[in-house]
Number of protein chains: 2
Amino acid sequence: MPTREADADGAPRTVTIQDVARRAGVSTATVSRAIALPDRVTEATRAAVFAAIRETGYTPNAAARSLRAKSTKMVLVLLPGIGNSFFTPVLNALEEVFTEGGYGVLIGYTRQSRSRETHYARVIRAGQVDGVLVVTGNVPRDEEFVSVPDTVPMSLMFSEIPGTEQFSVFDVDNRGASAEAVRYLIAQGHRRIAHIPGAEGGLEANERLGGYCDALREAGLPIDEALIWRGASNFDFASGDRAARDFFALADKPTAVFAAADEIALGFMRALKNGGVSIPGDVSVIGFDDTEYAVHYDPALTTMRQPRTEMGRLAAADLLRRMASARDGSPSTSKVRLPCELVVRESVRRMG
Amino acid sequence: MPTREADADGAPRTVTIQDVARRAGVSTATVSRAIALPDRVTEATRAAVFAAIRETGYTPNAAARSLRAKSTKMVLVLLPGIGNSFFTPVLNALEEVFTEGGYGVLIGYTRQSRSRETHYARVIRAGQVDGVLVVTGNVPRDEEFVSVPDTVPMSLMFSEIPGTEQFSVFDVDNRGASAEAVRYLIAQGHRRIAHIPGAEGGLEANERLGGYCDALREAGLPIDEALIWRGASNFDFASGDRAARDFFALADKPTAVFAAADEIALGFMRALKNGGVSIPGDVSVIGFDDTEYAVHYDPALTTMRQPRTEMGRLAAADLLRRMASARDGSPSTSKVRLPCELVVRESVRRMG
DNA sequence: TTGAAAGCGCTAACAG
DNA sequence: CTGTTAGCGCTTTCAA
C-alpha cells in the first residue's frame, strides 16, 4: 500500500492526489499535469505542486494509473527455470534496460509445464503487462499464447518459431557457429570428432547438431552415429557425465568432442579426468556459450561465445520501442541474429 | 491489454465483467461473486456465469481489481545483481512458492546503487507490491526503506539488520558454520590455515572471518594477519585470483585455506594450479556455499553447504503468510536460522 | 493555463 | 441469493 500520513484522529491514511491538490491549492487535474507534462503548467503552479508532493510524501498509485492509462509499465520475462545459470547475465541485462526505460520486470518460470504456461497467458490477458519476452528454447505451446501478440508486443530470445512474423527474435546462428567450432577442431588436425547434443528435440540442439554435420561433410569426413552421444535431457552437467559413459564404452575413441553447451562440456571433462583421461592431452573438448565457469575451469574451456548480455540489452530495447509505439498500430518486429565468437583457451590441442 | 472481442462494427473491444453479466443475464456483482466466492451463488447462476466467461473469453482486469481490493498480488524480490549465479536457485524457489500462492514476482537488482534503491522504494510506496523480499548481503540503506515495513511486510534473506524486529529473517549461522569448516581443517591435521574473506565490510564476510578466528583460538592456534588475504570486492572468482597473489608472495605458506565463498575458492584454486601448486597435494582448500560448480570442479570442492532452495521456500512461505494476515494488524515476524552442512569432497587432504 | 466532470473495471456494502 | 449503488485513485476530454 502507498504512503500513509496520520489522519486527524491519528489513523494512517494513504496520501492521494486529492491531498496534494488541496495542499497546493489547485485541482487534481493540475497535479496530474504537473507530474506528467511539466511544460503545460506555469512555473509557479509547478513549484507549488512539487512542494505539496514533498510535504505530503505523495507517490502516485500504480493500480489507479494503470487502470486509467491502460498501461502497467511492466513486462513479463518468461524463463525456462531449470535452475540453469546461463540466464543470469541475460536477466541482469534485461532488468537494467527495462528499469532504465521505466518498466518493471515480472518474471515467470515456465518449467516446461503446461499449467504454468496457461497461468502466464492469463497474466498477460489480465492486462498485467505491456510486453512479453520469452527467454527459452521451449516456446510456450499453449493456445492462449497464440492470441497474445495481438494484444501486447512479444519477443523471443535464443530461439525462434519458424514461420511466424509477429514476434521480434533475438538469437544467434546456432548452426553456423557450431560448424565454425567444428571447423576449428578440424583445422587443429582432428579427424575423429564426436558431438554431445543438447536437450533432445529443442530447436537449438538440432541446429547445433546440424552445424556439426555440416562441418564434417564440408571436410569430407564421415558422419558416424557412434560419435553422436544423444540422450541429453538438458544443457547441464549431468548430460556431459552421461555422454562420458558413451565415450568409455567406445573402442575407437575420438580425439575431439564438440559439446552443445559449456555445462555439458564441463560435466564431460570432469568424468573423463576422473577416468584418467587427460584433456587436452588425450582428447580435446570445445563447448558452446562461454559461461562464467568456462574460463575458470582447468583446463580453461575453448568455446563459442554467445553474447548474452548484448542480446539481453538489444531485446529489451526493441521491446521498449515496440511498447512505446504499440498504440499506433502494430509496430514492426525485428529479427536480430548476433555473431558468436570463438574463444580459444586450453581445452583443444593441436594434433600431430 | 486484456482479451478483446469483435465489436458490432468489427473493432476489437476488451471484454469486461459487464459483458459477462449481460450475457449470463445477471448483475456484475453476481459475476464477481461467482468468481471469488462460488459457494455464495446458486448452482445455476454459477453455471451461467462460467459459461458466459468461457464464451466471451473474459479475464478479470488486474489493475481494476488491485485498485478496488487494495492488493496487487505481487511481491518484490530485491537482488544484488552483481551477476552472481549464487542466487539462481533461490530465485527459482521463490518464484515457485509465490506463484503457487497466487502471487507474481517482480524482480529488482539494487546493484548497490542508491538511485536504484530509491527507485524500488518508490515502487513499494506506489502500492505496486504486497510484500518485499530482500535477497542480498547489502540491505538498502535508503531512508525510504525505513518506512517500508509499516506499509507492507518485508523479509531479509542471507543477512539481517541487527537490532531490528520488523523484518522476518532467513539466514544461516555464518560464524558458526565457518568455525566448523576451519575445525574440520584442523581435525585433518592442518595448523597453518589461511582465510580469504568475502566482500569487505559485509556482515556475512565479517561473520565468516569471525568464525575462522574462533576456530583458531579454540585450538590454541595463532591468528596471523599475514594469512588473512583481504581485498575481496565481491564473492567472486576475481577475489580468489587476487588472493593467490598473496599466497605466492608469502614465504611461509599455509597448508590449508578457507575461502568465504565457493567462487573465491575456485578462482584461487585455478590460480594456484596455474602456478604449479597441487590441490590438495600442496595446499588444501575449503569453500562456502556449495554452488553447482563445486562438485564438478577438479578437484571437487569440499565446502559448507547453504540450503539455498530451502531458504527460498521457507522465506516465501513466511511472506505469504504475513501478507495474508496483513490486514489484521502487523503479523508476527520470524527469525529462521538454517543449519549448514559440511560437504566433504576432494580438495582437503589429511596431513601426515 | 486551469478546473469540472466523467469514467477506466472492478468489488463491497447495503438492501431487497 | 441477487441487484443497486458507490467509489478505489487517477487521467483526460471539454469548457472556461
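Up top is the structure these notes are about.
Bear in mind that the values here come from a model prediction, so they are computed numbers and not experimental data.

**Some words on the protein's contact with DNA strand C**
- Taken together, 24 residues surround DNA strand C, and among them Thr-30 and Thr-45 of chain A together with Ile-17, Tyr-58 and Arg-68 of chain B come closest.
- Atoms of DNA strand C within 4 Å of the protein: sugar and phosphate make up 62%, bases the balance.
- A distance of 3.0 Å separates a phosphate oxygen of DNA strand C from a polar atom in the side chain of Thr-42 of chain A.
- Here a base nitrogen of DNA strand C sits 3.0 Å away from a polar atom, N or O, in the side chain of Arg-68 of chain A.
- Those elements that place two or more of their residues in the surface near DNA strand C are helix H2 (28–36) and helix H4 (62–69) of chain A together with helix H2 (28–36) and helix H4 (62–69) of chain B.
- For the surface near DNA strand C, the element with the highest residue contribution is H2 of chain B, accounting for 4 residues.
- Within the surface near DNA strand C, the residues separate by chemical class into 9 nonpolar, 9 polar and 6 charged.

**Structural notes on the interface of chain B and chain A**
- Taken together, the contacts link 59 residues of chain B with 59 residues of chain A.
- Buried area between chain B and chain A, summed over both chains or domains, comes out near 4,900 Å², and the portion from carbon and sulfur atoms is 55%.
- For the pair chain B and chain A, the interface holds 10 salt bridges.
- The salt bridge partner of Glu-95 of chain A is Arg-111 of chain B, with a shortest N-O separation of 3.0 Å.
- Across the chain B-chain A interface, the total number found is 33 residue pairs in polar contact (both at pLDDT 80 or more).
- For the side of chain B that touches chain A, the secondary structure elements donating two or more residues are H4, helix H5 (88–100), strand E4 (104–109), helix H6 (114–125) and helix H12 (262–274) of chain B.
- Split by residue class, the side of chain B that touches chain A holds 26 nonpolar, 20 polar and 13 charged.

**Quick word on the nonpolar core**
- Phe-98 of chain A together with Phe-98 of chain B are the most contacted members of the largest nonpolar core, which has 160 residues in total.
- When residues no more than four places from it in sequence are discounted, the contact partners of Phe-98 of chain B are Val-75, Tyr-103, Val-105, Leu-133, Ala-316, Leu-319, Leu-320 and Met-323 of chain B.
- Listed in part, the 30 residues of the second largest apolar core include Val-152 and Val-169 of chain A together with Val-129 and Phe-167 of chain B.

**Observations regarding the environment of Ile-124 of chain B**
Residues and elements named next belong to chain B.
- Looking at the secondary structure, you find Ile-124 in helix H6.
- Taking relative accessible area as the criterion, Ile-124 reaches 0% and is therefore assigned buried.
- Through-space distance from the C-alpha of Ile-124 to that of Ala-249 is 49 Å; in sequence the pair is 125 residues apart.

**With respect to the side chain of Asn-92 of chain A**
- Mapping Asn-92 of chain A onto the fold places it in helix H5 (residues 88–100).
- A relative accessible area of 10% places Asn-92 of chain A in the buried class.
- Within the structure, Asn-92 of chain A has its side chain in polar contact with the side chain of Arg-111 of chain B (distance 2.7 Å).
- Beyond its immediate stretch of four places on either side in the chain, Asn-92 of chain A contacts Gly-81, Gly-83, Tyr-109 and Arg-111 of chain B.

**A few points about the sheet that holds strand E8 (residues 193–196) of chain B**
Residues and elements named next belong to chain B.
- Overall, mixed pairing links the 5 strands, which are arranged E8-E9-E10-E11-E13 in an open sheet. The open sheet has two edge strands, E8 and strand E13 (341–343), and neither has a second partner. Going from strand to strand, the sheet's axes swing by 20° on average, the running direction of each strand aside.
- Where E8 meets strand E9 (residues 256–259), 4 bridges bridge the pair, whose relative direction is parallel. If you follow Ala-194 over to E9, its bridge partner there is Val-257.
- Helix-sheet contacts for H12 involve E8, E9, strand E10 (284–289) and strand E11 (302–305), and the interaxial angle to E10 is about 150°.

**A word on the packing of aromatic side chains**
- Throughout the structure, instances matching the rule amount to 20 aromatic pairs over all chains.
- With a centroid separation of 5.0 Å and an interplanar angle of 90°, the aromatic rings of Phe-86 of chain A and Phe-87 of chain A are classed as edge-to-face. Grouping residues by exposure puts Phe-86 of chain A and Phe-87 of chain A together as buried.
- For the pair Tyr-293 of chain A and Tyr-293 of chain B, a centre-to-centre distance of 3.0 Å together with 10° between the ring planes defines the contact as stacked. Of the two residues, Tyr-293 of chain A is situated in the loop between strand E10 (284–289) and strand E11 (302–305) and Tyr-293 of chain B in the loop between E10 and E11; the pairing between them involves two chains.

**What to know about the relation of the copies chain B and chain A**
- Mapping chain B onto chain A is achieved by rotating through 180° and translating by 0.0 Å along the same axis, at an RMSD of 0.1 Å. On this basis, the relationship between the two copies can be described by a two-fold rotation axis. Looking at the rotation axis and the C-alpha trace of chain B, the residue lying nearest is Leu-106 of chain B, at 2.2 Å.
- The overlap is high: 100% of the interface residues of chain B also sit at the interface in chain A, so the same surface is used on both sides.

**What to know about the pattern of salt bridges**
- Taken as a whole and judged by the stated rule, the model has 44 salt bridges over all chains.
- One salt bridge connects Asp-214 of chain A with Arg-217 of chain A, and the closest N-O pair in it is separated by 3.4 Å. Of this pair, Asp-214 of chain A and Arg-217 of chain A both sit in helix H10 (residues 203–218), 3 residues apart, roughly one helical turn.
- Across the pair Asp-298 of chain A and Lys-273 of chain B runs a salt bridge whose closest N-O atoms are separated by 2.6 Å. Remark: Lys-273 of chain B occurs in helix H12 and Asp-298 of chain A occurs in the loop between E10 and E11; the pair is interchain, linking two chains.
- A network of salt bridges, in which partner residues are shared, links Glu-95, Glu-96 and Arg-313 of chain A together with Arg-111 and Arg-116 of chain B.

**Observations concerning the packing of helix H1 (residues 17–24) of chain B against helix H3 (residues 43–56) of chain B**
All names here are of chain B.
- Look at H1 against H3: their axes get within 8 Å of each other, and the N-to-C directions meet at 125°. Compared by their axis directions, H1 and H3 come out oblique. Viewed along their axes, H1 and H3 form a crossing whose handedness is right-handed. Contacts between H1 and H3 involve Val-20, Arg-23 and Ala-24 on the former and, on the latter, Ala-48, Val-49, Ala-52, Ile-53, Glu-55 and Thr-56.
- A per-class count over the contact of H1 with H3 returns 6 nonpolar, 1 polar and 2 charged.

Definitions and limits used
Residues numbered from 1 in each chain as written. Chains lettered and ligands numbered in written order. Predicted model: local features only at pLDDT ≥ 70, side-chain atom pairs only at ≥ 80, totals over all residues. Heavy atoms only, no water. Near = heavy atom within 4 Å. Polar contact = N/O pair within 3.5 Å; in protein donor to acceptor, adjacent residues only side chain to side chain. Helix = DSSP H or I, 4+ residues; strand = E, 2+ residues; numbered from the N terminus. Nonpolar A, V, L, I, M, F, W, Y, C, P; charged D, E, K, R; others polar. Contact = heavy atoms within 4.5 Å. Buried area = accessible area lost by both parts, 1.4 Å probe. Salt bridge = Lys/Arg side-chain N within 4 Å of Asp/Glu carboxyl O. Core = buried A, V, L, I, M, F, W, Y, C linked by side-chain atoms within 4.5 Å. Buried < 20%, exposed > 50% of the residue type's maximum accessible area, 1.4 Å probe, protein only. Pairing = 2+ DSSP bridges. Axes fitted to C-alpha atoms, helices over the stretch in contact; angles between N-to-C directions. Phe/Tyr/Trp six-rings, centres within 6.5 Å; stacked < 30°, edge-to-face > 60°. Least-squares fit on C-alpha atoms with pLDDT ≥ 70 in both. Parallel < 35°, antiparallel > 145°, perpendicular 65-115°, else oblique. Left-handed = near helix turned anticlockwise from the far one by under 90°.

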